[in-house]
Amino acid sequence: AGLDCCDGEVARIKFMESPLGDTLDIVCDTIGAIAIFLGIGVAVWKNGGSEYALALGGVLAAGGALSFPFVTLAEKTEEAGKQRGGWEDSLIHNLLIGLTNRDYSLLIIACALAGQLSVFLWGAAIGAHVFWIFLAWLLLRAGRFELLRSLRGRRRG
């Protein structure tokens, strides 16, 4: 993860960007986050932090996996959402900026230093599912599912 973001910058500089590369980047980032969440669950469980740590790590990883298609849809339809300009679109944009960056890693480090990774697991396991459900609802209200279908239809036609 230390070199993450560099691959995109190199591709842009060398004019080698591609939809496949963009998708691979997102998929690999998601797999990395899921692995981290599972690893935290295992570490907390092994250190006796919580008897529920393995389950919480799994629930958190599932939340990350379930978030993936909705975050991807939101990103792919972001431009059209800006043009539409509804309150849902604005909220979707703010959610993506606020909750899909790497700032959560600072929270993980702070919880680890304070010996509170089990607290992180509880909050993140619940929060990940609240996030994807809320995002899916906003995308539905904003008409982004239909928008994606129409964009795909235009590409095929």
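As a reminder, the structure under discussion sits directly above these lines.
Summary of the structure given here. (Residues numbered from 1 in each chain as written. Predicted model: local features only at pLDDT ≥ 70, side-chain atom pairs only at ≥ 80, totals over all residues. Heavy atoms only, no water.)

## Here's the deal with the overall build of the chain
Applied cut-off: Helix and strand definitions follow DSSP, with helices as H or I runs of at least four residues and strands as E runs of at least two, each counted in order from the N terminus. Buried residues are those whose accessible area, probed at 1.4 Å on protein chains only, stays under 20% of the maximum for their type, while exposed residues exceed 50% and partly exposed ones sit between those limits. Contacts are assigned to residue pairs that have any heavy atoms within 4.5 Å of one another. Shrake-Rupley sampling with a 1.4 Å probe provides the accessible areas, and residues are treated as covered by the protein chains on show and by no other component.
For the chain, the count of helices and strands is 8 helices and 0 strands. Along the chain direction, N to C, the helices and strands of the chain fall in the order α-α-α-α-α-α-α-α. Going through the 157 residues of the chain one by one, you find that 34% of them count as buried. Once local pairs closer than 6 in sequence are excluded, the contacts in the chain between residues at least 24 apart make up 77%. Of the roughly 9,900 Å² of accessible surface on the chain, a fraction of 67% belongs to carbon and sulfur atoms.

## As for the packing of aromatic side chains
As a reminder, the rule being used: Two rings from Phe, Tyr or Trp (for Trp, the six-membered ring) form a pair when their centres sit within 6.5 Å of each other. Planes less than 30 degrees apart are called stacked, planes more than 60 degrees apart edge-to-face, and all others tilted.
This structure, assessed with the given rule, holds 5 aromatic pairs. Ring plane angle 70° and centroid distance 6.0 Å describe the contact between Tyr52 and Trp122, whose orientation is recorded as edge-to-face. Of this pair, Tyr52 sits in the loop between helix H2 (19-46) and helix H3 (53-76) while Trp122 sits in helix H7 (residues 117-141), and the two are 70 residues apart along the sequence. Exposure remark for Tyr52: the relative accessible area of 46% places this residue in the partly exposed category. Between Phe70 and Phe145, the aromatic rings sit 6.4 Å apart at their centres with planes inclined by 80°, giving edge-to-face as the arrangement. Of this pair, Phe70 sits in helix H3 while Phe145 sits in helix H8 (residues 144-156), placing them 75 residues apart in sequence. When its relative accessible area of 16% is taken as the criterion, Phe70 is described as buried. For Phe145, a relative accessible area of 25% gives the class partly exposed.

## Describing the pattern of salt bridges
Filter applied, for reference: Should a side-chain nitrogen of Lys or Arg be within 4 Å of a carboxyl oxygen of Asp or Glu, the pair is scored as a salt bridge.
The final tally for this structure, using the stated rule, is 4 salt bridges. In this structure, the salt-bridge partner of Arg141 is Glu88, at a minimum N-O distance of 3.3 Å. Taken together, the residues Arg141 in helix H7 and Glu88 in helix H5 (residues 87-99) connect sequence positions 53 residues apart. Taking relative accessible area as the criterion, Arg141 reaches 43% and is therefore assigned partly exposed. On the basis of relative accessibility, which here comes to 4%, the residue Glu88 falls in the buried class. Through salt bridges with shared partners, one network takes in Arg84, Glu88, Asp89, Arg141 and Arg144.

## Topic: H5
For clarity, the cut-off: Given a helix with a known number of residues, its expected span is that number minus one, times 1.5 Å. Starting at the helix axis, one direction is taken to each C-beta atom, and the arc is that of these directions.
Spanning 13 residues, H5 covers 18 Å between terminal C-alpha atoms, matching the ideal 18 Å at 1.5 Å per step. The complete set of buried residues in H5 reads Glu88, Asp89, Ile92, Leu95 and Leu96. End-on view of H5: buried residues confined to an arc of 120°, all on one side of the axis.

## Some remarks on a nonpolar patch on the surface
In plain terms, the rule: Nonpolar side chains (Val, Leu, Ile, Met, Phe, Trp, Tyr) within 5 Å and like charges within 9 Å form the patches, drawn only from residues with over 30% relative accessible area and no salt bridge.
Taken together, the side chains of Tyr52, Trp122, Ile126 and Val130 define a hydrophobic patch exposed on the protein surface, amounting to about 430 Å² of accessible area. Considering the arrangement of structural elements, one finds Ile126 in helix H7. The exposed category is assigned to Ile126, whose relative accessible area is 53%.

By themselves these figures say nothing about function.
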